[in-house]
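# Coordinate analysis (summary)
Okay, here's what each chain looks like letter by letter:
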Amino acid sequence: MEVTQRGTIGRIITDNRIVRSATNDYRGGEDKTVSMEQVGIYKELARSNVGLIITGNFAISEDGAIDSNQNALLTSKQRESARMISDACHEYKKPVVLQLSHAGLKTRIPKYQGSDLYDVNKMTHDEIKKVINMFAICTLEAKMLGFDGVQIHLSHGYLLSDFLNPSVNKRSDEFGLLEDGDWIINPLFSKIRYLVGDGYPILVKITSYIDKLSKEKNDKFLENLSKRVEKAGVSSIELSGLNLPSFGKNDHLYYGDCINVVKKETNIPLILTGGLRNMEDVNKAISLGADFVGFSRPFIRNPLFANDLLAAKESECISCNACYSLKEKGSKRCGFLK
Ligand SMILES: Cc1cc2nc3c(=O)[nH]c(=O)nc-3n(C[C@H](O)[C@H](O)[C@H](O)COP(=O)(O)O)c2cc1C
Ligand code: SF4
């Protein structure tokens, strides 16, 4: 398989295998609407040779937002502004998937920060069901706004990631991680499916390495999780991690050695993201079994990065990680941009 080959994720058809992985640009309005600056970012991405665009994460609730500017689909104003993103991508015939998340304990909103409101070991059944309902409602909203699919964020230490982390989730009820239990996976995806119907593509982004687990235990957990999400009707798995900022300039393909763990248990397309910077990385990922290759920072450094990649040019992103904090300063998205 070549990166230039057309691909499918459920009913989404892509011109090639290059994915712009979900990237919060921190440019949303104070009312969580999509700003014109954000529309410009998507337009620029869409006019490149990217195969699939995944939006930055949209919050499923007010208290599930990472910060006060994070985009959401909760009001009609927010929803109508989000439609500008799907329109912008479709204008250039690029499929676009909207990512949904609940930040859980990672929120930076002072009102919710430090509270144990979203401690997965303390949440009541009613509180969990409310979160599940909001993921389902927002998926339906995304579908009605013209997005080609949604990606449910199950990684990066956000709320659902904590539910799927055996080092964190110690529950002994159906929302725990009991071998013969449903985990949060079954109620979550059956509720979403119930609302959006069959066929609408639902993707997930999962954690490749769990803190404090040996490689052997980690692989077993990853196999189990992958099988469960496939069985729940998910169309694609993207591999990501909890430990992104710990990788340095010389690290590539952070999660390459987890590809075969997932691929041997599933038949759905796998997106590998994290530390891919050039065609050598891409070919390696594909030879290890990846169906799609995902990039975030290379597209921050250069929104037209997909064109460079296809011309065999390396990304100029040096993985300095400055863009993780540039949001606080309200400045450029990449420290190297004028
Ligand atoms: C500024 C910034 C914002 C990000 N926002 C999101 C996000 O909204 N959702 C998500 O799943 N990952 C997000 N990520 C993580 C990326 O999607 C990606 O998994 C990670 O950066 C590794 O890929 P890369 O080496 O190509 O950058 C973000 C990363 C950066 C640098
Ligand atoms: S700030 Fe650093 S890591 Fe982020 S896009 Fe620019 S070069 Fe890459």
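Just above, that's the structure.
Residues numbered from 1 in each chain as written. Chains lettered and ligands numbered in written order. Predicted model: local features only at pLDDT ≥ 70, side-chain atom pairs only at ≥ 80, totals over all residues.

### Structural notes on the site of ligand 2
With respect to spatial proximity, 13 residues lie near ligand 2, and among them C317, C320, A322, C323 and C334 are the closest. Along the lines of polarity and charge, the residues of the shell around ligand 2 split into eight nonpolar, three polar and two charged. (Near = placed C-beta within 6 Å. Nonpolar A, V, L, I, M, F, W, Y, C, P; charged D, E, K, R; others polar.)

### A word on the site of ligand 1
Close to ligand 1 lie 22 residues, the nearest being A22, N24, N57, S296 and R297. Looking at the shell around ligand 1, the elements with two or more residues in it are strand 4 (52–59) and helix 9 (297–301). Within the shell around ligand 1, the residues separate by chemical class into seven nonpolar, 13 polar and two charged. (Helix = DSSP H or I, 4+ residues; strand = E, 2+ residues; numbered from the N terminus.)

### A few points about the environment of F175
Mapped onto the secondary structure, F175 falls in the loop between helix 4 (159–163) and helix 5 (185–196). A residue is classified by how many C-beta atoms lie within 10 Å of it, and F175, with 23 of them, is buried. The residues touching F175, leaving out its near neighbours within four places in the chain, are I128, F163 and I184. (Buried ≥ 20, exposed ≤ 12 C-beta atoms within 10 Å, placed from the backbone. Contact = placed C-beta atoms within 7 Å.)

### Structural notes on helix 1 (residues 36–46)
Burial in helix 1 covers these residues: Q38, I41, Y42, L45 and A46. One face of helix 1 carries all of its buried residues, which in axial projection span an arc of 130°. Summarising the geometry of helix 1, the exposed residues directed more than 90 degrees from the buried face are M36 and E37. Looking at the buried side of helix 1, the elements it contacts are strand 3 (18–20), strand 4, helix 2 (76–91) and helix 9. (Arc of directions from axis to C-beta.)

Coordinates in, geometry out; function isn't part of it.
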